[in-house]
Structure formats: C-alpha cells, structure tokens
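What follows is each chain in one-letter form.
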2 protein chains.
Amino acid sequence: MEWEAIQERLNSLLEKGRHGELRGAMMMLNEVDIAQYMETLDKEKLLLVFRILPKDISADVFSYMSAEQKQTLIESIGDNEIRALIDDMFLDDAVDFLEELPASVVKRVLQNADPEKRNLINQFLRYPENSAGSLMTIEYLEFQGRDTVRQAMDLIRKEGLDKETIYTLYIIDATHHLIGTLALRKMILASEDTVLADIMDRNVVLVHTLDDQEQVAELVRRYDLMAIPVVDKEDRLVGIITADDIMDVIEEETTEDFEKMAALTPSDDEYLKTSPFKLALNRIPWLLLMAVIAIFTGLIITNYETLLQDAPGKFGIILTACIPMLMDTGGNCGAQSSTLIIRGLSLGQITLKDFFKALWKEFRVAIIVGAVLFVFTLLRVRYLNEGADWSVAFVVAAALWCTIILAKALGCAMPMLAKKLGLDPALMASPMITTIVDMSSLFIYFTIASAVISRVPAA
Amino acid sequence: MEWEAIQERLNSLLEKGRHGELRGAMMMLNEVDIAQYMETLDKEKLLLVFRILPKDISADVFSYMSAEQKQTLIESIGDNEIRALIDDMFLDDAVDFLEELPASVVKRVLQNADPEKRNLINQFLRYPENSAGSLMTIEYLEFQGRDTVRQAMDLIRKEGLDKETIYTLYIIDATHHLIGTLALRKMILASEDTVLADIMDRNVVLVHTLDDQEQVAELVRRYDLMAIPVVDKEDRLVGIITADDIMDVIEEETTEDFEKMAALTPSDDEYLKTSPFKLALNRIPWLLLMAVIAIFTGLIITNYETLLQDAPGKFGIILTACIPMLMDTGGNCGAQSSTLIIRGLSLGQITLKDFFKALWKEFRVAIIVGAVLFVFTLLRVRYLNEGADWSVAFVVAAALWCTIILAKALGCAMPMLAKKLGLDPALMASPMITTIVDMSSLFIYFTIASAVISRVPAA
C-alpha cells in the first residue's frame, strides 16, 4: 500500500474513534513508519495515538520521533508515563533525547526516572558531544572467559531481550578489562562445553570514551563491524556503539562537510523545519567575510584603471569582458581540486604525508587542463570579440593558464594546510578558494596585460 | 602497536625468511590490516605472503585488497589456486572482484571456478551495475514457516558457517515467496517447539533485484536494518544485502555527489592512484562547457562598453572594480542554497512536493541576507572607493541585493527541476549555478546602472 493511503486509513480510524482497529493497524507497521505518522498529528491526537500504542513498542516509536514532537508529548503526559517511557528506552536513545530538550524539561524527566537510571543518564550526559561516550549504550552482555557456551546461552536467554545486540559477546576479566569478543554465530557452532576464552577473538578493535565520533565511524567502516566496544581511561569496558548509530553519525558528518564546503555554518536542523532567520544567520558571516576579501580584488582592478581605460583600441573593454570567464574558470578549477583533496582526506585515502605527491599531481593535471583551455580561449577571444587581435587573445589565454595552475595548487594545498593547522579541511572548499584565486588571478592577468601592452604600439 | 611498527616488523620477518613467525604475526591481525600490508608489497613478495597465509583467511584478505593488487596476484597464481580462492569467497565479493577485472582475466577465473559457482557468478554479472541484484549475496539461510525453533537451530549449526549472516532468518513458502523474517535473538528466546510462522515478522522491508542501490541504502538507513532481502519480479526471495555493503554504497554515492557538485566526472578510482591524464579528462568537459556559457557573460559586458568608459567621473572604473565582488557573492549565495537543497533531496528530507515551500523559504532568507549585505556594500563602496558618490554605491548595493535573491531562487529551483527531469540534482551545484548567476547578475547590474546614470547630471 502507498504511504499516503496508509496515512489516510489511520486518520480515518482515528477520526471515527475506532481505537482498537487503529491499534491493530499500527501494529502492522514498522516503528519508524508509526513515528513518521505521528509527526503529522497535533498535540491532542498525538497524545491519544501514543496512549493507544502497545506499551512494548511505544518507547521504540518515541525514539524515532522528531525532537519537537518528543517535547510536545513529554509536556502533555503525566509523571508516571514519563517514568515508564524512560525505563523502556535504550540508554543511548534516552541520552540523545535529553540532549535535545530544554533544561527545565530535562529536570522533570530525570526526576521521574528511577534512581539507578537517573545516575546512569547523568553520567552519560557528561561526555562531550560527538564523543564515543555520548554515543555508546550499556545494553550489551558481558561474560567471563571461563564461562562455557552453555552458561553463555543461558545468560543470553535470560537477559538478551533488553540488549541492543546479542550478536557480539564481550568477554572481560575480573577487573572488568575487555579481553576478547566472540561472535554469536561462532559460539552457536561450538559444542556446549567449550570455554569462551578458547574460541574468543583476542584481537579487539575498540575505542575510548573520549574519542571523536568520526574516528569511531572510520573504524566501523574499515573493519565492517556490527558494533564496537568502548573502554574508559583504565581500559575497562564501559559500553558499545552499534552500526546503525554509526550510520547516523556518518550521515551527520557528511552533511556537515557539505555545509562547510558551501560556506554555511553547520546545523543539525532539517532544512524545511528551520526558520528563514536561522538559515540566514548560518550564511551571513561567511558571505561578509568573503565580501571583505573581495574588497582587495576590487582594489587590484582600480589600480589598473589607466590600463583598462587608456589601452589602445578595444584592448581595455575586451580585458574587462573576460574577467568573469577568468574568475569562473579559476574558481571551478580550484573547487575541483579542493573537493577531491577534502574527500580523500576525510576517507583516509590521502594523508598529510602525501602533500608533495598530491601537489605534483595537481600541477601536471593543471598543465594538461590549462593547455586545452589556452587553445580554446586564444581562438575564441581572437575570433569572437570585435576588434580583438592576437596580443589581447594571448594575454587572456596565458593569464587563464597561469590561473588554472595557481587554482589547482591552492585547491590542493589549502585543505591540507588547514588540516595541518588543526582546522577542518572542508572550510577550504569552493567559496574560500574561489575568493582567494580571484584575487591572485586578476593580479596575474593585469601583470601580463601590462607587459604585453608596453610592447604594442599605440593605436 | 603503531601501524608503522607493525609493518616494519612484518617486513623484517619477511626479509629474514622467517615464514612461520610471519604467519603467526599476521594471524594476530585483522584481515583488513593484512590486506593493507599486502598493498605495500611487490609482485614476488605479494605472492609469497599470500601463500603463507592460512587457507581459511586468505579469501577474506583477498576481498579487502585493491583491484590492482588482486589482478597482480591472479596473474601470478596457478589455476588450482584460483579455483580454491573463488570457492572460498562470498559470492557478492567474487562478483565485485570480477566486475573490476579485464575480460581476459575474468575468462580465466571463470574457467577455473566449479560449474555451479560459475553459473551463479554469470547470472549475477548480468544484473546492471549499481542495482540491488549486483550487490546481493546468496549466502543466507532459508526456512519454512512450519519449521520449529529446534529444526532451525540445527540447520544454523549445520550450514551457518558459510553464510554472510545468520542473525536474520528468511522464511519462505513452498513457491519460494518470502513470507516473513525472524531475528535470531527473538528465536533464541522462544521455546524449542515453537513454529517459526508463529513468531516471525510478517511486515518485511524488501527490495527488488533491479532497484537502484541508492534506494536500498535509503531503506537500510531508515529502518536501521542489518540486512535487507532481495526478491525477483515474481516476488521470490533470491538474495540478501548486508549493512556493511550498504555502508560502502553510501560512501561511494556520497563521493559521487561531492564530485558532481564540483563539476567533476565521477570516478571510482582513488585519487592518488589515478593518472594526471585521467584526472584531467574528468575535469576538462565541464570546464569547457562553463567557459562556453561564460562567453555570454562577456558579451553582456562588451554590450555596456559605452557605459563603462564614458560614464561621468569614476563611475565606470568603480562599476568594473565591483564585478568580482558581485559575482563571488552571487555564486556563494547560490552554492549555499543549492547545497542545502541537494543534500535534503538526497536524504529524502525534501521532496519535489516541497518546491514552493522551499522557494518561499529561500526568498525570505535572501531578503534578510540581502539586506545585511546591502548596507555593508553601500557603505563600503561609498567610503572605501576614491571618487565614489551615493549613486554608484546604490547601484552596486541594489544590484547585489537583486543578485542574492536571484541566486538563492536559482540555487533552490534548479536542483529540484533537474530531479523533476530525471537528472541528478548534484549537477546543479556551485559551478553551474555560479556560471548562470554571473550572467544574470551582470545583466541586472548594468540595467540598474544605466537607469541611475541617465538621472545623474554629467560631471
């Protein structure tokens, strides 16, 4: 059934007050879809539908709802309901949810959690945002190395229901240090009396609580993991992070890169839900910064006023007419190089050690690309501009070639230098590179033009 | 131990011919890391190390090697070794690998696979690239609805070792139609006599063989799946796709978006391994295309030659000096909008139905952003340019405001129109938008300038 049809049907059951059927219909849907349906409801209906949901799935549905709807709901339900909800949620989902709420609401929610859960949540809320600690969950199963497969299976049957994953077993020693992991599939294939220590994998890929989420994502992707264990400063196991949460991290980090590369202040908000004022605020500082840099570009042109206005024949106006093409091509060439370098850096395919290798590569690319565009530009300026001679065509084409080399060199070097300085390479993408290349390319342009014109006899 | 130290140690064991120790040392590493180590070896050493590896992990290591090293290795090993390798690989890895090889090598590999495997591989190679069919694997476990938990566990113990996942059970009817899935964790918790049909989940998220990989990734991400089943045209189960392969797809698609948005022909090759000539080839057509469009921008300037050269006082040179700032700001504004729209479209947060909503939002953002830059530009042109009066400052600032509105409208509308036309919205990113905005903004600029100058008394 199409999504619109499903939605219509649920709405019709809701309107008619056929709550039993509505409940039945919703139970046929995935929790993600129920959450999406709940996004469309107003406060009153939201509360009603939420209370109709079976208890065992309402916490899951709640995790998938948007921050706004979560808050609306929390503000309308009673303290007992809040307590039940928080108790049913996985710890990492509860922490994520609380991080998005205003302080007053957080206080009310925490007052209603049971003391043990409250302590845990408080502890998790202290990890820095975007750290492994803030992403992890404690819903995993721990085993001792001397446990047998039979004992392990019993524990899984007894306690596995509330865990985020039972597919990786984490094996610790007496002092809570992680000594190995074991895939459930491997354990199922072993005989019941086997001791876990004999079949566990001692070569564990792990992260520390304060590691950045980008590092965590890199490891999970690299080693194709379903979950990664998190240890504290003393190397004791304190949590795990599951692959589905990592996919969300990757999506978030990629969006952040896209935004920084377009000179936008990164934001977690969905576009259609963000106010125009907030959107404008994310854009204005960058535009102003680049407009300030462009003042210098303007000064270069003013500086060559005499050249532009007093040059013989059509020289001046042709030079002016070619400025946009020169600037656009420079900007585009810089954007091409910087994008490849930024992406390569973020995927770990390029490291700072490759600086000269990459620069040398970009230089050779620029020579080839420049040669093609040199010929194109030489011919088109000479033959498509009224009053153009070979000298002005040469000035434009030569300046373009130089600009391409410079743009590719800067597009390659600047993201790597930014990384070297501990800044995000994504800041050195198209807008910033374009602005800097513009300035330099106009300087090259007029220098070449002055040199050529001094050799041309006045008209 | 640091990666460099590990590598050095392996190299030293290799040099000294201590193969037993080398084998032992490698077995302590993850397959991904062994593959990375093998990337650094020349042909002879590569072959040697590959033969030292224990048989049960060599196929895994092989899957993680780069296309070049795989080919080098295939060309040096014997037919029997090829047969063993292909037999030990998961089918989806084998297909991926063959898709990257030259036809002659593929032929030799296929001749050496056992007939059953060869048929399967041939069948998989026929699915279009980037379709669900080309990504799927057949290493999953099928069950009947009437099977009991005990029977299912027996089958898992017997056949689970060679499957890509045993954590989701796929339940089919007599005609091979997928009727439900069951999470292993749920089954483990059920009593041994339970019939699978009673506890399975009938609400299955699935894809068809010809669905695009982007759709598959979208579903896996949306529903936090570990694996997704693939059915054929008659809705029969034919394969599954696991989440780790989906992460690779997401990475690949994101890189493609980054490349298209920077006016690059997308390429699967790693940057540092691609020749300058190939890199240049990916860039030249786009640069030429945009250079051609820029010819029209030049024509607009030539058209206003008289205005620029005969305007009273410093009017002409100030107008010229402000062209770069106008163009850059327009380009940057367009890039900001188009990036948000393209990303929103690709994450499914914005759909074509939101066209007018998004356009209206961008319009309001443009009004706010434009107002700030209007004031900034008015003041800076008036006071930072020698000989500038309020009229020329007004021309620049007003043209800038109009340009910002236009740039944001185009940046919002063009990616959505591209999508409507079945093109990739990523093509309508910064470079293309900038080129188009330049042309229009210069037109606005000179129109306003002409209007103003006709009211200013000659100096």
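Residues numbered from 1 in each chain as written. Chains lettered and ligands numbered in written order. Predicted model: local features only at pLDDT ≥ 70, side-chain atom pairs only at ≥ 80, totals over all residues.

K.L.:
An account of the overall build of chain A is needed here, citing residue identities and associated values.
P.N.:
Check the secondary structure of chain A and you find 22 helices and six strands. Relative to the compact-globule value of 23 Å for 459 residues, chain A shows a C-alpha radius of gyration of 31 Å, a clear excess of over 25%. Taking the principal axes of its C-alpha atoms as reference, chain A extends roughly 95 × 60 × 40 Å. Relative to its full complement of 459 residues, chain A shows a buried share of 42%. Residue pairs in contact within chain A that sit at least 24 positions apart in sequence constitute 69% of those at least 6 positions apart. (Helix = DSSP H or I, 4+ residues; strand = E, 2+ residues; numbered from the N terminus. Rg over C-alpha atoms; globule rule 2.2 N^0.38 Å. Buried ≥ 20, exposed ≤ 12 C-beta atoms within 10 Å, placed from the backbone. Contact = placed C-beta atoms within 7 Å.)

K.L.:
Which residues make up the relation of the copies chain B and chain A, and what are the values?
P.N.:
Mapping chain B onto chain A calls for a rotation angle of 180 degrees and an axial translation of 0.0 Å; the resulting RMSD is 0.1 Å. On the angle and the small slide along the axis, the relation comes out as a two-fold axis. (Least-squares fit on C-alpha atoms with pLDDT ≥ 70 in both.)

K.L.:
Outline the pairing of strand β2 (residues 168-172) of chain A, supporting the account with residue identities and numerical values.
P.N.:
Residues and elements named next belong to chain A. For β2, a buried count of four out of five residues is recorded, marking the element as mostly surrounded by other parts of the structure. Assessed by its sense of winding, the connection that carries the chain from strand β1 (residues 142-144) through helix α12 (residues 149-159) to β2 is right-handed. One ladder, built from five bridges, connects β2 with strand β3 (residues 178-183); its direction is antiparallel. Bridging from a neighbouring strand, Leu169 pairs with Leu182 of β3. Hairpin connection, β2 to β3: the antiparallel pair is bridged by five residues, and His176 has positive phi, about 70 degrees. (Right-handed = clockwise from strand over helix to strand, strands pointing away. Pairing = 2+ DSSP bridges.)

K.L.:
Tell me about the domain arrangement of chain A, residues and numbers included.
P.N.:
When the domains of chain A are assigned, the result is domain 1 (3-127), domain 2 (142-241) and domain 3 (271-453). Computed from C-alpha coordinates alone, the two centres of domain 1 of chain A and domain 3 of chain A are separated by 51 Å. (Domains from an automatic or database assignment.)

K.L.:
Outline the packing of helix α22 (residues 430-453) of chain A against helix α19 (residues 315-346) of chain B, listing residues and values.
P.N.:
Between α22 of chain A and α19 of chain B, whose axes approach to 10 Å, the crossing angle comes to 165 degrees. When the axis of α22 of chain A is compared with that of α19 of chain B, the two are roughly antiparallel. Considering the relative orientation of α22 of chain A and α19 of chain B, their crossing is right-handed. Contacts from Ser430, Pro431, Thr434, Thr435, Asp438 and Leu442 of chain A in α22 of chain A reach Pro324, Asp328, Gly331, Asn332 and Ala335 of chain B in α19 of chain B. Classifying every residue of the contact of α22 of chain A with α19 of chain B by side-chain character gives four nonpolar, five polar and two charged. (Axes fitted to C-alpha atoms, helices over the stretch in contact; angles between N-to-C directions. Parallel < 35°, antiparallel > 145°, perpendicular 65-115°, else oblique. Left-handed = near helix turned anticlockwise from the far one by under 90°. Nonpolar A, V, L, I, M, F, W, Y, C, P; charged D, E, K, R; others polar.)

K.L.:
Tell me what's going on with unusual backbone geometry, and back it up with residues and numbers.
P.N.:
Residue and element names in this part refer to chain A. Positive phi, normally seen in glycine, also occurs at Asp224, with a value near 50 degrees. The class of Asp224 is partly exposed, set by 18 C-beta atoms lying within 10 Å. Unlike most non-glycine residues, Ala263 shows phi in positive territory, near 60 degrees. In this structure, Ala263 sits in the loop between α16 (243-261) and α17 (276-303).

K.L.:
Residues and numbers for the sheet that holds strand β4 (residues 207-208) of chain B, please.
P.N.:
Residue and element names in this part refer to chain B. Pairing is mixed in the open sheet, where three strands are placed in the order β4-β5-β6. Taken across any chain shown, the strands that pair with only one partner, and hence form the sheet edges, are β4 and β6 (237-242). Sheet topology note: the β4/strand β5 (residues 227-231) ladder contains two bridges and is parallel. Across the sheet, Val207 pairs through a bridge with Val230, a residue of β5. Together, β5 and β6 form the strand contacts of helix α16 (residues 243-261), whose direction differs from that of β6 by roughly 65 degrees.

K.L.:
Account for helix α21 (residues 390-420) of chain B, with residues named and values stated.
P.N.:
Residues and elements named next belong to chain B. End to end, α21 covers 44 Å across 31 residues, agreeing with the expected 45 Å (1.5 Å per residue, within 8%). Most of α21 is tucked away, with 23 of its 31 residues classed as buried. Trailing α21 by a residue or two, Gly422 shows a phi angle of about 85 degrees, which is positive. (Expected span 1.5 Å × (residues − 1).)

K.L.:
Can you tell me about the environment of Met153 of chain A, naming the residues and giving the values?
P.N.:
Residues and elements named next belong to chain A. Within the fold, Met153 resides in helix α12. We classify Met153 as partly exposed; it has 17 C-beta atoms within 10 Å. Sequence separation between Met153 and Ile188 is 35 residues; the distance between their C-alpha atoms is 8.7 Å.

K.L.:
Before we move on, can you summarise the sheet that holds strand β1 (residues 142-144) of chain B with the specific residues and values?
P.N.:
Residue and element names in this part refer to chain B. Spatial strand order, β1-β2-β3: three strands in an open sheet with mixed pairing. Lying at the two open borders of the sheet, with one neighbouring strand each, are β1 and β3 (178-183). Going across the sheet, the axis of each strand differs from the next one's by a mean of 35 degrees, ignoring polarity. The sheet contact formed by β1 and strand β2 (residues 168-172) spans three bridges and is parallel. Each bridged residue has a counterpart across the sheet, and for Phe143 the counterpart in β2 is Ile171.

K.L.:
Before we move on, can you summarise α16 of chain A with the specific residues and values?
P.N.:
Residue and element names in this part refer to chain A. In this model, α16 (19 residues) spans 27 Å end to end at C-alpha, consistent with the 27 Å of a helix rising 1.5 Å per residue. All of the buried residues in α16 are Ala243, Asp245, Ile246, Met247, Ile250, Thr254, Thr255, Asp257, Phe258, Lys260 and Met261. Looking one or two residues beyond α16, the residue adopting positive phi is Ala263, at roughly 60 degrees.

K.L.:
For the packing of helix α1 (residues 3-15) of chain B against helix α2 (residues 19-27) of chain B, give the residues involved together with the corresponding values.
P.N.:
All names here are of chain B. At a closest axis distance of 8 Å, the pairing of α1 and α2 adopts a crossing angle of 155 degrees. For the element pair α1 / α2, the angle class is roughly antiparallel. The two elements α1 and α2 cross, and the hand of that crossing is left-handed. Here Arg9, Leu10, Leu13 and Leu14 of α1 lie close against α2, whose contacting residues are Glu21, Leu22, Ala25 and Met26. Class assignment of the residues belonging to the contact of α1 with α2 gives a composition of six nonpolar, no polar and two charged.

K.L.:
Summarise the confidence of the model for chain A; cite the residues concerned and give the values.
P.N.:
Residues and elements named next belong to chain A. Within chain A, residue pLDDT values average 86, and 99% of them lie at 70 or more. Within chain A, helix α10 (residues 115-125) has the poorest average pLDDT of any element, 78, and strand β4 (residues 207-208) the best, 94. ipTM for the predicted complex: 0.77, alongside a pTM of 0.78. (pLDDT = per-residue confidence, 0-100.)

K.L.:
Run through the environment of Arg343 of chain A, naming residues and quoting values.
P.N.:
The residue Arg343 of chain A is located in helix α19 (residues 315-346) in this model. In this structure the C-alpha to C-alpha distance between Arg343 of chain A and Glu159 of chain A, which are 184 residues apart in sequence, comes to 43 Å. For Arg343 of chain A, the residues in contact, after removing those within four places along its chain, are Thr255 and Phe258 of chain B.

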